[in-house]
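A closer look at the structure
Listed below are the residues making up each chain.
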Amino acid sequence: MSTEPGRAWSDAPLIFERSRPGRRAGRPPRPDLPVPDLPSSLRRAHPPRLPELSEPELVRHFTALADRTFGIDTGFYPLGSCTMKHNPRVHERLAGLPGFRDLHPYQEDEGAQGALELMWRLQEMLAEIAGLPAVTLQPAAGSQGELTGLMLMRAYFADRGEERDTIITADTAHGTNPASVTMAGYRLEKVGTDERGNLDLDDLRGKVNERTAGLMLTNPSTLGLFDEGIEEVARIFHDAGALLYYDGANLNAVVGISRPGDMGFDIVHYNLHKTFSQPHGGGGPGGGPVAVRDTIEPFLPVPRVVQDGDYRLDHDHPKSIGRVRGFAGPFGVFVRSYAFMRAYGPGLKEMSEVAVLNANYVLARLRDVYDLPYDRLCMHEFVLSARGLKREHGVTALDIAKRLMDYGIHPPTIYFPLVVPEALMIEPTETEPKERLDDFVDAMRRIAEEAAESPELLKEAPHGRPVRRLDEVRAAKQPILRYLFDEHPALVG
Amino acid sequence: MAAAESYPDDLRYHREHDWARIEGDEATLGITWFAQDALGELVHYEAPEVGTTVTKDQPCGEVESVKAVSDVVAPLSGEVLEVNAKAVDEPEIVNEDPYGDGWLIRIRMSDPAEVEALMDVEAYKAHAAEQ
Amino acid sequence: MSYLSLTDTDRQEMLAAIGVSSVEELFEQVPPGVRLDRELDVPPALGEAELARHIEELAARNVHTGAELSFLGAGIYDHYVPSVVDVVLSRGEFLTAYTPYQPEMSQGVLQAIFEYQTIICELTGMDVSNASGYDGMTVAADACFVAKHAVPDRKKIVLAETLNPQVRQVVKTYAPGFGLEVVEVPHTNGTTDPDRVAEQARDAAAVLFQQPNFLGCLEPAPDLAEAANEAGALAIAHVDPMSLGVLEAPGAYGCAMAIGEGQSAGNWPSYGGPHYGFLAARKDFIRRMPGRIVGETLDMDGRRAFVLTLQTREQHIRREKATSNITTNQTLLALAGLATLSWLGPEGLREVGETCLTLSQYTRKQVALEPAFDASALKEVAFRTPIPAREVIRRAREHGVHPGYALGRDYEGMDDVLLVAVTEKRTKEDVDRLAEVLAEVCR
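Residues numbered from 1 in each chain as written. Chains lettered and ligands numbered in written order. Predicted model: local features only at pLDDT ≥ 70, side-chain atom pairs only at ≥ 80, totals over all residues.

This paragraph deals with the overall build of chain A. From N to C terminus, chain A includes 17 helices and 12 strands. For chain A, whose C-alpha radius of gyration is 25 Å, the value lies close to the compact-globule estimate of 23 Å for 493 residues. With the C-alpha coordinates aligned to their principal axes, the bounding extent of chain A is approximately 75 × 70 × 45 Å. Looking at the 493 residues of chain A, the share that counts as buried comes to 59%. Looking at chain A alone, contacts between residues at least 24 apart form 71% of all its contacts between residues at least 6 apart. (Helix = DSSP H or I, 4+ residues; strand = E, 2+ residues; numbered from the N terminus. Rg over C-alpha atoms; globule rule 2.2 N^0.38 Å. Buried ≥ 20, exposed ≤ 12 C-beta atoms within 10 Å, placed from the backbone. Contact = placed C-beta atoms within 7 Å.)

See the structure below:
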């Protein structure tokens, strides 16, 4: 691949720069009635400076922005820990059915039987996959599922009259784990990783005591490795009267193969947008249902979806932690994940098998070129290190990521987990064909050669995107976080 | 422009990569060349308030680059007498001159004996080399 | 059915490259004691056509706003969603991208978020907006977390009782973890008394109120904000974006933060989600903002470019000291909001507000029931019903009209209060029909 841009990118003016006073698209209905006055103290004095565009220009604007965005539909997107799998298009059609899309959340239960049944069936399938009996669909995303899980722990111990104030997380944990611990009012303790990439059991034994409320763990870990000592880990916590929380970020590796409940976890969150295929939408939406053991069931958020003859929303749970977001959860997300799970049925196991096969194939073909910090077969993802390339050629994980863009591939997650220097975290997912995996392998191998032959090619990459590397220091030091109209600075490089 | 690596002889050092310049019962504090290099170009310094007290080995502010944030750990205990306004307004000064114009705070020591526990330059150089 | 892509030949070649003879071997790291030794007990796989039929049957068992004449609101509103939203939602690049960690790959979505932030700031009169929160409820908890750190010596949050009950419930769920106590100020004839706010705000970190409030009434919002400010508490207004073409921006009457549910601007009701919550603040709070924020900068060739910025606030860097744990947010829904508000423009947004105002006034006049409160309204009116409101709803639905929300669900002593919502999608004739049915069923 040359350093020449592959295509010419047109300018994309801001929507405010496309605006012309007096132009408009939408014309809301105006009833033939007088407009009443509002109290002057409440009436808007100056109209908001919304853009003024005709519909053709609006459509062109959003088309231009879409063109400058790379999604799974554009190409390979092995962003580790994010499970960027194909989003089936039938999901969009089904979530858009008027019976779902135009259903008001305060519709009487009798008028929402289809929606409630869908949620109830989704709960049943999720419970079977977790190996735990009770499910709430309410949390809005994985990190809210984590927080919900910690609130459940707090309620569980308060109900038992136990005072426990510490949550243990792995040093490989996603940042959401420690952030959730603080938001839930707990104290954080970290446990190390041993040389095989498992939790360090000796370190753990020294830290678990009568103050420990629980563990938060991703399994497989963010290193893409299944914790081989998980049964002993569960024993250590349960013997101390503490609980285990399963961060479902990496569930895509083990659906139908190993269930968190069977591993010993008491509380589990799922990332519907990862394992069960939601369009990620440039950052969201997601869904973060939580499953629990029967001892924790009384504390689940309300309302809950129940079946007793008809389906209904049940608000009557006096021990509940309360509500964590609006209504019964992000329903449109449920339609998509329900459809996804019904398409596979018990074949969800094959989904995970292929995710693991794809990851191991890519790993096998790259392990002689990049450093592999934990020399094991991986699960659905793996972490390489560019430490050797950095030492020998001064090329970093960031440079490799930027150069991949020139090959038409979205970079993997970089610099995470923190325990691996110059980390490249690669998750191909099960929906990729072998050719796309081979393209990626070829690009990564070629980039390793380029690092030796012409490192500046990497350091100056990307060469073929609408913009080149950004001045992020400037963005942080002199933040411009909105368009400022007449006072907008004319930035000069 | 970042400074070249250096560790002045006349300073005392803390293992969390902070330095102290002792002047009577007062001390000027900052972060070492090693610390600013590990962080990269600083974009923000969250300083303690004048009049508050800082405690040895405890955080007494934060320094941030684009992709990292780090506590400034107090090498000594005492009352904050002055905060370097220039480091607040133009935090890159810490990268450019970590031991001079890039100092962070000046304190009146509450326990000057704490100085004895800090490293001298040779000990700190050895410590930084191990990182 | 599945969405897998490997052929049998691919699998054999790949296993050989790995150096194993079967897929099972890849799972040897999973201890036998925790393996599932049976098939998952879930319903059998469906092909796309069967799947569509099954789910269409479920959808058909719901009574949606196109199937009965609906006056339901209470926080989720049946405003018109323009077709330009489809342009955003159907583009695979927006739909199937994730958080723009790599700005060179994501300039389009970054720019769109920057435009969204600008529009939210314009509507609310604030300096900075994040890229979205989960919904109108969780952003209230986020705002309390900001207040906790911005006013560290105060451990109390004051909520107006007229604030959406679900918002209050979420704040109460989060508050114990934040170490905050929650106090509610009761309403006085449908609105909140600034004097009672002033009294409670003296030792509070923040005061949250809603404009227009959940009972449909317009609050004396500037007076509430002033009461909070004078007591040294942050004033936080929960507002409806579709009202802000006619109602004053919270920034103009002294609020520190403005939050709200974005659904009314560009999202379908969708049985409660996914929607987007917005959170905007004065610039004093930039470093305490939760969630993603996009900023403008330059690339190395001096071209304008957009990037996620001030990321040291966030969980992936600041971890246990982060301003929030939020990661996945609601960007796609927020972009639908950007498209809708751009389609309306300033004139259209004002017209939507005026149409709601006109129709709510007309409803108040036409419906032969006593209004429950005296205060003026924007798009919702509460009426006293001679029989329980839930019974009115049940009977009216038999006539094909859903007349609104029973406030007794949330407020003691309001079992006979019905909250009726009108949007620009309702007509004068629709309101006449509502009046007729209510007269019939309340007889």
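Below, the discussion takes up the sheet that holds strand β7 (residues 69-73) of chain B. Residue and element names in this part refer to chain B. In space, the 3 strands of this open sheet follow the order β4-β6-β7, with antiparallel pairing throughout. With partners counted over all chains shown, the strands left at the sheet margins are β4 (44-46) and β7, one partner each. The average undirected angle you get between the axes of adjacent strands in this sheet is 20°. The pairing of strand β6 (residues 59-64) with β7 spans 4 bridges and is classified as antiparallel. (Pairing = 2+ DSSP bridges. Axes fitted to C-alpha atoms, helices over the stretch in contact; angles between N-to-C directions.)

Below, the discussion takes up the packing of helix α4 (residues 113-130) of chain A against helix α3 (residues 48-60) of chain C. In the contact formed by α4 of chain A and α3 of chain C, the axes pass within 6 Å of each other and the chain directions differ by 130°. When the axis of α4 of chain A is compared with that of α3 of chain C, the two are oblique. On α3 of chain C, the residues touching G114, E117 and L118 of chain A of α4 of chain A are L58, A59 and A60 of chain C. (Parallel < 35°, antiparallel > 145°, perpendicular 65-115°, else oblique.)

Moving on, we get to the pairing of strand β6 (residues 234-239) of chain C. Residue and element names in this part refer to chain C. Buried residues dominate β6, accounting for 6 of its 6 residues. Covered by surrounding structure in β6 are L234, I236 and H238 together with A235, A237 and V239, the residues of both alternating faces. Where strand β5 (residues 206-211) lies against β6, 6 bridges are found, and the strand directions are parallel. Across the sheet, L208 pairs through a bridge with I236, a residue of β6. Chirality of the crossover, the property in question, places the unit of β5, helix α10 (residues 221-230) and β6 among those that are right-handed. With 3 bridges joining them, β6 and strand β7 (residues 257-261) adopt parallel strand pairing. Paired with I236 across the bridge in β7 is M257. (Right-handed = clockwise from strand over helix to strand, strands pointing away.)

For the rest of this paragraph, the subject is the pairing of strand β4 (residues 181-185) of chain C. Residue and element names in this part refer to chain C. Where strand β3 (residues 156-160) and β4 come together, 5 bridges link them in parallel fashion. By the bridge assignment for β4, V158 is matched with V183. Once the chain exits β3 it traverses helix α8 (residues 165-178) before rejoining the sheet at β4, and the crossover so formed is right-handed.

Residues and elements named next belong to chain C. Grouped together as the largest cluster of nonpolar side chains are 339 residues, with contacts concentrated most on C144, I157, A206, V207, I236 and M257. It is helix α12 (residues 331-366) that contributes the most residues to this core, 16 residues altogether. Ignoring any residue separated from it by four or fewer positions in sequence, one finds I157 in contact with C144, A147, V171, A175, L180, V182, A204, A205, A206 and L208. (Core = buried A, V, L, I, M, F, W, Y, C linked by C-beta atoms within 7 Å.)

Turning our attention to the interface of chain C and chain A. With 173 residues of chain C in contact, the opposing surface of chain A contributes 178 residues. Of all the elements, α12 of chain C adds the most residues to the side of chain C that touches chain A, at 24 residues. Grouping the amino acids of the side of chain C that touches chain A by side-chain chemistry returns 90 nonpolar, 53 polar and 30 charged. (Nonpolar A, V, L, I, M, F, W, Y, C, P; charged D, E, K, R; others polar.)

So, about the confidence of the model for chain C. When pLDDT is averaged along chain C, the result is 97, and 100% of the positions lie at 70 or above. The ipTM, which scores confidence in the relative placement of chains, is 0.98 for this predicted complex, and the corresponding pTM is 0.97. (pLDDT = per-residue confidence, 0-100.)

Geometrically, a packed helix pair is captured by the angle between its two axes and the distance between the axes. All names here are of chain C. Taken N-terminus to C-terminus, the directions of helix α7 (residues 138-150) and α8 make an angle of 40°; their axes are 8 Å apart at the nearest point. Where α7 crosses over α8, the handedness of that crossing is right-handed. Here α7 contributes T138, A140, A141, C144, F145 and K148 to the contact with α8, which in turn contributes V167, V170, V171, Y174, A175 and F178. The residue makeup of the contact of α7 with α8, split by class, is 10 nonpolar, 1 polar and 1 charged. (Left-handed = near helix turned anticlockwise from the far one by under 90°.)

Turning next to the environment of E25 of chain C. Residues and elements named next belong to chain C. Within the secondary structure, E25 is located in helix α2 (residues 23-26). For E25, a count of 13 C-beta atoms within 10 Å corresponds to the partly exposed category. For the pair E25 and G295, spaced 270 residues apart in sequence, the C-alpha separation works out to 48 Å.

The next thing to look at is unusual backbone geometry. G284 of chain A connects to P285 of chain A through a cis peptide bond whose omega is 20°. Tracing the backbone shows P285 of chain A in the loop between α10 (272-275) and β7 (290-292). The step from Q211 of chain C to P212 of chain C runs through a cis peptide bond, and the omega angle for that step is -15°. Looking at the secondary structure, you find P212 of chain C in the loop between β5 and α10. For S277 of chain A, which is not a glycine, the phi torsion comes out positive at approximately 55°. Its location among the elements puts S277 of chain A in the loop between α10 and β7. Phi is positive for Y415 of chain A, close to 60°, though the residue is something other than glycine. Checked against the element boundaries, Y415 of chain A lands in the loop between β11 (413-414) and β12 (423-426).

The next subject is α3 of chain C. In an α-helix there are 3.6 residues to a turn, and that puts residues three or four apart on one side. With 13 residues, α3 of chain C extends 18 Å between its outermost C-alpha atoms, agreeing within 8% with the 18 Å of an ideal straight helix rising 1.5 Å per residue. Taken together, the buried positions of α3 of chain C are L51, I55, L58 and A59 of chain C. Along the axis of α3 of chain C, the buried positions cluster into a sector of 100°, meaning they face one direction only. Exposed residues pointing more than 90 degrees away from the buried face of α3 of chain C are listed as A49, R53 and E57 of chain C. Residues of α3 of chain C that are buried sit in contact with α2 (90-95), α3 (98-101), α4 and α11 (331-344) of chain A. (Expected span 1.5 Å × (residues − 1). Arc of directions from axis to C-beta.)

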